[in-house]
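# Close look at the chain arrangement
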Amino acid sequence: MHTRNHWGGSFEISTSEITSGYETSRAGDQWDKAALLDSGHHDLRGGLDETLQGWVLERPGSDKKKHKYVDIGCMKLSHKALKWIFGILFVGFCVIGLPIIVVKYLPKHHSKDIPPDNYTLALHKSLLFFNAQKSGRLPKNNGIPWRGDSGLRDGKELDDKKGLVGGYYDAGDNVKFHFPMSFAMTMLSWSVLEYKHKYVAVNEYHHVRELIKWGADYLLLTFNSSATKIDKVQAQVGGSLNGSKTPDDHYCWQKPEDMSYPRPMITVFAGPDLAGEMAAALAAASIVFQDESAYSKKLAKGAETLFSFARDSGKRASYSRGQPYIEPYYNSSGYYDEYMWGGAWLFYATGNTSYISLATNPDLPMNANAFHMKPDLSVLSWDNKLPAAMLLLTRFRMFLNPGYPYEDMLSMYHNITSLTMCSYLHQFKVFQWSKGGLIQLNHGQGQSLQYVVNAAFMASLFADYMEAIGVPGWNCGPNYIPRSDLKSFATSQMDYIMGQNPMNMSYIVGYGKKFPTHVHHRGASIPNNHQNYSCTGGWKWRDTPNRNPNNITGAMVGGPDRFDQFHDSTKNYNYTEPTLAGNAGLVAALVSLTNTAGSGVDINSIFTYIPPFGPKDPPPPPPWTP
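In this text the structure is predicted, and so the values were computed from the model without any measurement. (Residues numbered from 1 in each chain as written. Predicted model: local features only at pLDDT ≥ 70, side-chain atom pairs only at ≥ 80, totals over all residues. Heavy atoms only, no water.)

This part is about helix α5 (residues 178-201). Along an α-helix, residues three or four apart share an orientation, since each turn contains 3.6 residues. Where α5 bends most, the angle comes to about 90°, and this point is Y195. Burial analysis of α5 places 20 of its 24 residues in the buried class, which makes it a mostly covered element. At the exit of α5 stands N203, carrying a positive phi of roughly 60°. (Bend = angle between axes of the 7 residues up to and from the residue. Helix = DSSP H or I, 4+ residues; strand = E, 2+ residues; numbered from the N terminus. Buried < 20%, exposed > 50% of the residue type's maximum accessible area, 1.4 Å probe, protein only.)

With that out of the way, let us pick up the side chain of S296. You can see S296 is positioned in helix α8 (residues 293-311). Residue classification places S296 among the buried residues on the basis of a relative accessible area of 4%. Among the polar contacts listed, one links the side chain of S296 to the backbone oxygen of S286, at a separation of 2.6 Å. Each residue touching S296, except ones within four places of it in the same chain, is listed here: S286, F289, Q290 and Y609. (Polar contact = N/O pair within 3.5 Å; in protein donor to acceptor, adjacent residues only side chain to side chain. Contact = heavy atoms within 4.5 Å.)

In this section: the pattern of salt bridges. Enumeration over the complete set of coordinates arrives at 17 salt bridges. Residue R263 pairs with D154 through a salt bridge whose shortest N-O separation is 2.9 Å. Of this pair, R263 sits in the loop between β4 (233-237) and β5 (265-268) while D154 sits in the loop between α4 (118-132) and β3 (176-177), and the two are 109 residues apart along the sequence. Assessed through its relative accessible area of 14%, R263 is described here as buried. Overall, D154 belongs to the buried group, its relative accessible area being 5%. For the salt bridge of R263 with D249, the shortest nitrogen-to-oxygen distance reads 3.0 Å. One end of the pair, R263, is in the loop between β4 and β5; the other, D249, is in the loop between β4 and β5, with 14 residues separating them in the sequence. Each member of the pair, R263 as well as D249, carries the same accessibility label: buried. (Salt bridge = Lys/Arg side-chain N within 4 Å of Asp/Glu carboxyl O.)

It is at 11 Å that the axes of helix α16 (residues 484-497) and helix α20 (residues 580-593) come closest, and there the two elements cross at 125°. As the angle between them shows, α16 and α20 are arranged oblique. Handedness of the crossing formed by α16 with α20: left-handed. Note on element contacts: α20 touches α16 through L586, A589, L590, S592 and L593, opposite K487, A490, T491 and M494. Taken together, the residues of the contact of α16 with α20 sort by class into 6 nonpolar, 2 polar and 1 charged. (Axes fitted to C-alpha atoms, helices over the stretch in contact; angles between N-to-C directions. Parallel < 35°, antiparallel > 145°, perpendicular 65-115°, else oblique. Left-handed = near helix turned anticlockwise from the far one by under 90°. Nonpolar A, V, L, I, M, F, W, Y, C, P; charged D, E, K, R; others polar.)

The end-to-end C-alpha distance of α8 is 27 Å, a good match for the 27 Å that 19 residues give at a rise of 1.5 Å each. By the burial criterion, the buried members of α8 are Y295, S296, L299, A300, G302, A303, T305, L306, F307, F309 and A310. The secondary structure elements touched by the buried residues of α8 are α6 (205-221), β4, β5, α7 (272-288), α10 (336-350) and α11 (353-359). (Expected span 1.5 Å × (residues − 1).)

Further remarks concern the state of the cysteines. Applying the stated criterion to the full structure yields 2 disulfides. There is a disulfide in this structure between C252 and C535, and the S-S distance comes to 2.0 Å. Since a negative S-S torsion denotes a left-handed disulfide, the C252-C535 link at about -95° is left-handed. Pair noted here: C252 is in the loop between β4 and β5 and C535 is in the loop between α17 (522-525) and α18 (539-543), with a separation of 283 residues, a long-range link. Covalent S-S linkage joins C422 and C476, the inter-sulfur distance amounting to 1.9 Å. Residues C422 and C476 are joined by a disulfide whose S-S torsion is about -95°; by sign, that bridge is left-handed. (Disulfide = S-S within 2.5 Å.)

Below, the discussion takes up the pairing of strand β9 (residues 479-482). Strand direction decides the pairing type here: strand β8 (residues 473-476) and β9, joined by 4 bridges, are antiparallel. Paired with C476 across the two strands is N479, which belongs to β9. Joining the antiparallel neighbours β8 and β9 is a turn of 2 residues, in which G477 adopts a positive phi near 65°. (Pairing = 2+ DSSP bridges.)

Across the protein, the average pLDDT comes to 87, with 82% of residues at or above 70. This stretch, residues 1-66, has a pLDDT under 50; its non-local contacts, to residues over four places away or in other chains, come to 40 contacts. Confidence drops under a pLDDT of 50 for residues 107-111, and excluding neighbours within four residues, the segment shows 1 contact in the predicted structure. (pLDDT = per-residue confidence, 0-100.)

Let's shift gears to the packing of aromatic side chains. Per the stated rule, a full pass over the model turns up 30 aromatic pairs. Each ring, one from F177 and one from Y329, has its centre 6.1 Å from the other, and the planes form 45°; the classification is tilted. Here Y329 lies in helix α9 (residues 327-330) and F177 lies in strand β3, a separation of 152 residues in the sequence. Residue F177 is classed as buried on the basis of its relative accessible area, which comes to 3%. When its relative accessible area of 23% is taken as the criterion, Y329 is described as partly exposed. Following the ring pairs from residue to residue traces out a cluster consisting of W190, W341, W345, F347, Y348, F396, F457 and F607. In this structure, K134 is placed above the aromatic ring of W214, and the distance from its NZ or CZ to the ring centre is 4.7 Å. A cation over an aromatic ring shows up here: R311 above the ring of Y339, its NZ or CZ 4.6 Å from the ring centre. (Phe/Tyr/Trp six-rings, centres within 6.5 Å; stacked < 30°, edge-to-face > 60°. Lys NZ or Arg CZ within 6 Å of the ring centre and 35° of its normal.)

The next point concerns the sheet that holds β5. Across the sheet, 3 strands lie side by side as β3-β4-β5; this open sheet has antiparallel pairing. The strands lining the two open edges of the sheet, one partner per strand, are β3 and β5. With 4 bridges joining them, β4 and β5 adopt antiparallel strand pairing. Within the sheet, the bridge partner assigned to V233 lies in β5 and is V268.

We now examine unusual backbone geometry. P405 follows Y404 through a cis peptide bond whose omega is 10°. Turning to its location among the elements, P405 is positioned in the loop between α13 (386-400) and α14 (407-423). Of note in this structure, M373 is not a glycine but carries a positive phi near 55°. Here M373 shows up in the loop between α12 (363-367) and α13.

So, about the environment of D376. With respect to the secondary-structure elements, D376 resides in the loop between α12 and α13. Between the C-alpha atom of D376 and that of H443, which follows or precedes it by 67 residues, the distance is 9.3 Å. With sequence-adjacent residues up to four places away left out, D376 is seen in contact with N384 and H443.

Structure (structure tokens):
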């Protein structure tokens with residue numbers, strides 16, 4: 001195939017196309033070029049002028065206008081066209097190909113990744129504490145080599161074959177207290193809903209979800225989660241009678257894997273506080289798992305069943321009342337705070353406005369003394385959810401502004417929340433402080449750090465709420481306070497816990513150069529040497545002056561006294577015992593403060609199930625009558 005000439009004919013060259021004035025007059029005659037070149041046989045040496053010789057010999061360069069061609073198989077191209085093609089290809093390579101090669105193969109000079117800050121490093125460790133506290137049949141990737149399966153006969157008395165296997169041990173003992181366990185799960189879920197992007201960025205999102213699911217799955221076993229109405233809830237597995245001298249979870253010093261003593265199961269037939277907190281935990285978890293529709297609905301349904309039990313007017317007695325296995329350890333002081341707390345979470349989880357109507361019912365804060373401004377009521381703990389419930393409802397006002405009929409109560413919650421934040425600041429002297437800079441939220445008593453981390457989380461979170469809506473600060477009486485003061489409070493308290501204190505000690509095991517090594521914890525204090533120590537045979541590990549053979553990484557211990565002094569002794573639980581609820585607050589505070597993954601909160605995910613709200617006008621006043 002030949003490329004066509006636009007003027008007609010083919011670009012293929014033939015000798016018949018060459019014309020000259022030296023052609024013979026006879027049509028069709030051609031010169032014998034070979035003969036002409038052989039001067040020895042023809043007497044034409046002087047007869048051919050230079051022009052004819054040049055034509056006959058076809059010497060290169062003799063005709064500047066003559067075109068030369070290259071046969072490339074499918075077509076013939078002139079040298080000039082070929083040069084243009086190669087030129088275009090070269091330019092294309094320089095413009096397109098060369099940059100690609102440079103980008104792909106030459107050494108890359110990336111800007112250095114931001115190294116994880118101290119809060120992120122501590123967060124990685126603090127989450128591992130929950131792995132160490134797991135009960136039941138452990139997954140292969142649990143990551144704690146000195147822990148194994150345990151509590152596999154828990155709840156064997158139940159008709160349900162599943163029993164009560166799983167969940168978390170509360171502290172350094174082997175008891176599963178469902179009240180603080182539920183609070184811990186709620187706090188973990190809350191932190192995920194606010195700071196999911198941070199968990200993702202530091203590669204802990206799937207880990208923390210797995211921890212929440214471990215707790216939520218267990219809570220579903222503690223009541224008939226397939227029913228819509230229940231008459232009892234399992235409140236605890238294991239325990240000890242105060243001052244007991246018989247084998248139980250406090251008298252015996254054994255690893256959970258070696259337990260052989262009786263572990264009582266405590267069933268309660270009333271308990272709005274316990275059921276309200278369990279409902280909050282399942283409701284919050286259902287939002288965390290909104291990407292798993294069936295599981296999320298199961299959690300939300302269980303939460304509604306529990307809350308219905310909590311609201312039963314015939315069952316409004318504290319879950320711990322008259323319970324000798326519970327009262328000395330996790331005694332509840334009331335349940336109206338759980339009504340507000342659980343109602344808020346159920347509203348977020350279901351969008352059912354009956355729950356927000358309850359949470360903003362004036363009777364609840366009145367019965368909870370929410371507006372009395374008692375300092376103790378501004379301290380978030382496993383027993384007092386009041387400040388957290390009001391902050392959670394303030395969030396609703398700040399971001400969605402639902403207006404009437406909720407605005408009156410929400411604005412009051414917002415005001416009390418603002419005053420709670422004021423109370424945390426040193427300048428207002430609401431609480432005492434140690435000389436080393438630690439706020440004393442529990443009157444200088446033991447186990448103080450669990451209250452400090454909760455306050456740090458709330459302060460940091462409220463500052464992030466203000467940042468999200470562009471508010472630079474708030475008023476404490478006549479004083480205008482920038483929101484940065486709340487972050488400064490939170491960081492100062494967390495930095496104290498992480499080592500900036502008079503003892504120069506980190507109170508998080510495994511974090512920093514100096515941390516507690518005599519933790520009041522049965523599993524951590526007994527060697528993993530495949531020996532089964534009896535109930536009293538383990539006492540030698542409780543009483544030894546030697547350090548723990550196993551580091552319970554990430555455990556935040558009880559903390560120092562009000563004089564900033566700390567005694568690293570296994571026997572002194574006030575200083576060295578960690579708790580599930582305390583570590584949940586620690587995780588929440590750390591993730592709120594880390595800047596490795598940026599800042600700010602996720603405004604919308606917690607509101608996924610809430611229907612659209614718009615400010616509504618209040619009803620008109622009644623008609624005037626003379």
